[in-house]
Amino acid sequence: MTDQNGPARHPFEPRPADLPARRAEAGELERFLGGKPASVAVRLVFLSLIVGFFLVWLDIRPADIFHSLRVMVLRFWNMGFEALHDIAAYVMAGAVIVIPAWLALRLLTMRGKN
């Protein structure tokens, strides 16, 4: 299984002639979108169709979603600084667990590199 001038290769390894030609580097737009714009648009339309079907099946309309978001923002606005105090309390409660766990993981990963 050797080419005349090349090293031995695995029997299932594709030959260079069998591989598709490599494309040039993806542009900024393709990297941002995660693929070709037309392909991404088709996937988004298909996914929107499926999600829309289930939302209508559950009798949830887009106007209801926007109305609920508006009401939520108004409630936070009307609560004023009390809402910030509540949010800060949640952040502090979570930080008691998250920060030590993060620090321990960082220390363990740094120890493993040495």
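Here the structure is a predicted model, which is why all the values come from computation and not from measurement.

(A) The environment of glycine 34, seen in detail. With respect to the helices, strands and loops of the structure, glycine 34 is situated in the loop between α1 (28-33) and α2 (37-57). A residue is classified by how much of its surface remains accessible, and glycine 34, at 55% relative accessible area, is exposed.

(B) Up close: α2. With 21 residues, α2 should reach 30 Å at 1.5 Å per residue; the first-to-last C-alpha distance of 30 Å fits that figure. Phi turns positive, to about 60°, at aspartate 59, one or two residues after α2.

(C) Quick peek at helix α3 (residues 62-79). Between its first and last C-alpha atoms α3 spans 26 Å; for 18 residues at 1.5 Å apiece the expected length is 26 Å, and the two agree. At the C-terminal side of α3, glycine 80 shows a positive phi close to 65°.

(D) Just the pattern of salt bridges, in detail. Taken as a whole and assessed by the stated rule, the structure comprises two salt bridges. For glutamate 28, the salt bridge goes to arginine 31, with nearest N and O atoms at 2.9 Å. Of this pair, glutamate 28 and arginine 31 both sit in helix α1, three residues apart, which is roughly one turn of the helix. The exposed category is assigned to glutamate 28, whose relative accessible area is 60%. Overall, arginine 31 belongs to the exposed group, its relative accessible area being 53%. Put simply, aspartate 59 and arginine 61 hold a salt bridge, and the shortest N to O gap is 3.6 Å.

What counts, and at which threshold
Residues numbered from 1 in each chain as written. Predicted model: local features only at pLDDT ≥ 70, side-chain atom pairs only at ≥ 80, totals over all residues. Heavy atoms only, no water. Helix = DSSP H or I, 4+ residues; strand = E, 2+ residues; numbered from the N terminus. Buried < 20%, exposed > 50% of the residue type's maximum accessible area, 1.4 Å probe, protein only. Expected span 1.5 Å × (residues − 1). Salt bridge = Lys/Arg side-chain N within 4 Å of Asp/Glu carboxyl O.

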